[in-house]
Amino acid sequence: MIKNYLTSVWRYISKNKAFTGINLLGLVIGMTAFMLIVQYALHELSYDNFWANTDRVYRVKLDRYDKGELSTRWASGCAGIGPDLKTNFPEVEHYVRLTKSNALLSNGDTFFKEESVYYASQDFFNVFGMHLVSGVDSTALKGLHKIVLSKTMAKKYFGNENPIGKTMHNNGRTEYQVTGVFEDLPENSHMAIDAMLSFATYAKLVGKKNEAELNEWQWDGFLTYVLLRENTGAKALERKLPAYVQKREGEELKRFNSGMTFHLMKLKDIHLDSDFIGEFKPNGSRDTTYFILVIAVLIIVIAWINYVNLSTAKSIERAREVGVRKVMGGFRWQLVQQFLVESFILNATAVILAIVAVILLTPWFNELTGREIDHLLLRQKLFWVWAALLIAGGTLLSGLYPAFVLSAFKPVEVLKGRFKNTGQGVFFRKGMVVLQFMSSVILIVGTYTVYNQINYMRSQKLGINIEQTVVLRSPNITDSTYGNKFEVLKNRLTQYSEVTSVSGSSSIPGASPDWNAGGIRRLSQREDEQKQYRVIMMDHDFIPLYGLEVMAGRKFSADVSNEDKTVLLNESGARHMGFSKIEDALGDQINFWGDTFRIVGVVKNFRQESLKKDFEPLIFRYNKAPFGFYSIKFNTSNVKESLAKFENDWKQFFPGNPFNYFFLDEHYNKQYQADQQFGKVFGLFSGLAIFIACLGLFGLSSLTAIQRTKEIGVRKVLGASIGSILTLVSKEYLLLMSASIALAIPLTWWIITNWLQGFANRIPLTWWLFTLPSLVVMMIAFLTVSIHILRVARTNPVNSLRYE
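Please read these numbers as outputs of a predicted model, since none were measured by experiment.

Conventions used here
- Residues numbered from 1 in each chain as written.
- Predicted model: local features only at pLDDT ≥ 70, side-chain atom pairs only at ≥ 80, totals over all residues.
- Heavy atoms only, no water.
- Helix = DSSP H or I, 4+ residues; strand = E, 2+ residues; numbered from the N terminus.
- Buried < 20%, exposed > 50% of the residue type's maximum accessible area, 1.4 Å probe, protein only.
- Pairing = 2+ DSSP bridges.
- Expected span 1.5 Å × (residues − 1).
- Bend = angle between axes of the 7 residues up to and from the residue.
- Phe/Tyr/Trp six-rings, centres within 6.5 Å; stacked < 30°, edge-to-face > 60°.
- Contact = heavy atoms within 4.5 Å.
- Salt bridge = Lys/Arg side-chain N within 4 Å of Asp/Glu carboxyl O.
- Core = buried A, V, L, I, M, F, W, Y, C linked by side-chain atoms within 4.5 Å.

Asker: An account of the overall build of the chain is needed here, citing residue identities and associated values.
Answerer: For the chain, the count of helices and strands is 24 helices and 25 strands. Counting only residues that meet the buried cut, the chain has 52% of its 804 residues in that class.

In structure tokens:
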């Protein structure tokens, strides 16, 4: 029986190569896209699943409030919460706190500026259940001047030697002993750590006798993780925290009319649900991940709908085959089996080809998404089970309906030529076409919206000139002559003909300023009116170098005495401080952590960060030689030669410090990288969905043209023009497209409205945002249908009338 089924399937495929090819191509593209997207989603959902204690580890998130309003949200919150939780709540078994080190590590003549070095308390390995490759877990970070390295870092500084017991230096001064080596953290970790320094060392550096003394609640910038005991409810513990906050800090918070709320965030949720101050690295988005999964489902459903539509539309051509089989004694269940076997073979072939395509396309897909996925889907233990379910599901979903429709034909009517498609069958196929193109319209309008939003953000005026600017990171190893050396270096660089200006600052455009300062108020205000601001230290050349506009007052000047006791505000900062007019701020004095500063100017708002965020209140403080970054504005006609000169001067003034630089425009545009990648992925798979839908429409219109060949011949004999025939036949499909658009637009409006809520600056939802993509879909559908109709319409009517 099976052999007979296979023989029938082979004969049918051989006689209908084009039809089978369209069906198979749609399934392969649909399944390939589905697998690639699912592989990406699995990667996003797999973050931090590898830790031994992943289900019991939580990060402590801090929300701060001013006058009852949420002001800042911290991934790296206050210093003292970890020790307090361990001491006062028996539910907490261990805690670890980390804070970033501005590290320049060295071993002899080998030295590098490192971006992923953290001070970590001694229970790091207990909290995460992580074991060292070399060294003792329990003591590796205990005590002063200890460092543990990743395997890559150990090889980078010590080659093939065993680093345990050897010494390294940080910033040319503090000596550390290597006490451990750990496996590199995998790609799917929300943390980015290459080395850890003992936290006791940090406590000593900031003037504390030991770690226990570092317990402030008004000092932020510390990532805190807790390991809860077995069978402890995180929500129950979190509900106890407000009472403890009130008990410990209530009077202080009341005094300043502020508030603090702690939340326990599950380790596995951080990557997709956390986008707060002090993250290790940019995280993903749960909404984006689920949205892309929806696209995957839509694509595979569109591919299966194609199969259903084309198979049932082909039913007239297969009617006589069914009639003959029934007359020869074939039962309905046998016919159902035959068509299901046919569907199974096509789906199985499509899955196999899709797997091959996924293997070949994964490196390219990794580049597109910015993730190192490495065939994650294929390495899942249950992958082949899911592949089998995909084949079975595809066989049933795409084959069951056609099988029952075809097997239900009555042999007497079929063999007498009185068979025709049922109204229900035609309605079903039309409904499937509407569903396909409704999905396509949603996707293409979404793609167009993403493109326009990203283009809008990148094309807006920044209020700051970031072009032709190279940025150097300030030296880590310095001495008491640093200020003088900085001034001499500035003068040396500005003597080059291509250099127009040089400036030092603690922050640069393209990222949130690191210094988030609370407790700031005007001298005329009460203590409970103090607020938080972002603070940037800068020299007098920063404002002219970046082309900032001073709206009131003056900029900083090197010729004014006591300039380090003056500040500037941006417009948002002036309003945040309570000034109704920016001119009113001039001459007023503020209390900044116990010191008094005079406001001498107000700068026009500029885009310190991307347009995803609104203008933040900024305070600018003067520093003749700030640490952080050196900005050099220069003519980039000969970049290589200019950089070589800059590097030679750098090595002369700051020997032992690596010359690290980047171009500011590239750095600034990295803020949009995640959105651009999302737009590319979204656009690619939207295009594939439309292509698959058009494949189905191509097949349906081909069958329609064949089935209406004689009718078209008669109409031509009676004088109908090719244009009128094209209009008549394509009208049905254009009506279906119109129905798809009408159904898609309300749903699309709701989806993109919600997506745009994540942007402080966003495009308006105008009519053309929906109309242009809809017209594109309509035009593609019309051209797809027209190909076959025009071919039949141009056929000699004599041949058309003879067509059977």
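Asker: A description of the pairing of strand 22 (residues 595-603) should follow, citing residues and the corresponding values.
Answerer: Both strand 19 (residues 550-553) and strand 22 contribute to a ladder of three bridges, which runs antiparallel. Within the sheet, the bridge partner assigned to Val550 lies in strand 22 and is Val603. Inspection of the sheet shows strand 20 (residues 566-570) paired to strand 22 by five bridges, in the parallel sense. Looking at the pairing, Val567 lines up with Ile599 of strand 22. Here strand 21 (residues 589-592) pairs with strand 22 via four bridges, running antiparallel. Residue Phe592 lies in a different strand from strand 22, and its bridge partner there is Asp595. Between strand 21 and strand 22, which pair antiparallel and follow one another directly, the connecting turn spans two residues, one of which, Trp593, has a positive phi of 55 degrees.

Asker: Explain helix 7 (residues 234-255) to me, and be specific about the residues and the numbers.
Answerer: Between the first and last C-alpha of helix 7 there are 30 Å, a value that for 22 residues agrees with the 32 Å anticipated at 1.5 Å per step. At Glu249, helix 7 shows its maximal bend, which comes to roughly 80 degrees. Every buried residue of helix 7 is accounted for by Ala234, Leu237, Glu238, Leu241, Tyr244, Val245, Glu249, Gly250 and Leu253. Asn257 occupies a position one or two residues after helix 7 and carries a positive phi of about 55 degrees.

Asker: Which residues make up the packing of aromatic side chains, and what values go with them?
Answerer: The full count for this structure, using the stated rule, is 42 aromatic pairs. Consider the rings of Trp217 and Phe262, whose centres lie 5.2 Å apart with planes at 75 degrees: the pair is edge-to-face. With Trp217 in the loop between helix 6 (199-205) and strand 13 (220-228) and Phe262 in strand 14 (residues 258-266), this residue pair connects regions lying 45 residues apart in the sequence. You'll find Trp217 and Phe262 in the same group, each marked buried. Among the aromatic residues, ring-to-ring pairing joins Tyr482, Phe486, Phe627, Tyr630, Trp650, Phe654, Phe659, Tyr661 and Phe663 into one connected group.

Asker: Quick rundown of the environment of Ser501? Include the residues and the values.
Answerer: Position of Ser501 relative to the elements: it lies in strand 16 (residues 499-505). Among the residues examined, Ser501 registers a relative accessible area of 13% and is labelled buried. Separated by 130 residues in the primary sequence, Ser501 and Ser631 have C-alpha atoms spaced 8.2 Å apart. The residues contacting Ser501, other than those within four sequence positions of it, are Thr494, Asp541, Leu545, Ser631, Ile632 and Lys633.

Asker: I'd like to hear about the pattern of salt bridges, residue by residue, with values.
Answerer: Within this structure, the stated rule accounts for 33 salt bridges. Between Arg56 and Glu93 there is a salt bridge whose closest N-O contact spans 3.1 Å. Of this pair, Arg56 sits in the loop between helix 2 (17-45) and strand 1 (57-66) while Glu93 sits in strand 4 (residues 92-100), and the two are 37 residues apart along the sequence. Arg56 sits in the buried class, given a relative accessible area of 18%. A salt bridge links Lys156 to Glu114; its shortest N-O distance comes to 2.8 Å. With Lys156 in helix 5 (residues 151-158) and Glu114 in strand 6 (residues 110-114), this residue pair connects regions lying 42 residues apart in the sequence. We classify Lys156 as partly exposed; its relative accessible area is 35%. Residues participating in the shared-partner salt-bridge network are Arg56, Glu93 and Glu230.

Asker: Requested: an account of the nonpolar core, with residues and values cited.
Answerer: With 101 residues, the main nonpolar core has Met31, Phe437, Tyr546, Phe620 and Phe685 as its most contacted residues. The element best represented in this core is helix 14 (residues 423-459), accounting for 12 residues.

Asker: An account of unusual backbone geometry is requested, with residue identities and associated values reported.
Answerer: You will see that Asp48, though not glycine, has its phi angle at about 65 degrees, which is positive. Along the polypeptide, Asp48 turns up in the loop between helix 2 and strand 1. The class for Asp48 is buried, based on a relative accessible area of 0%. Its identity is not glycine, yet Trp593 carries a phi of approximately 55 degrees, on the positive side. Mapped onto the elements of the fold, Trp593 is located in the loop between strand 21 and strand 22. With a relative accessible area of 53%, Trp593 lands in the exposed category.

Read these as geometric descriptors, not functional statements.
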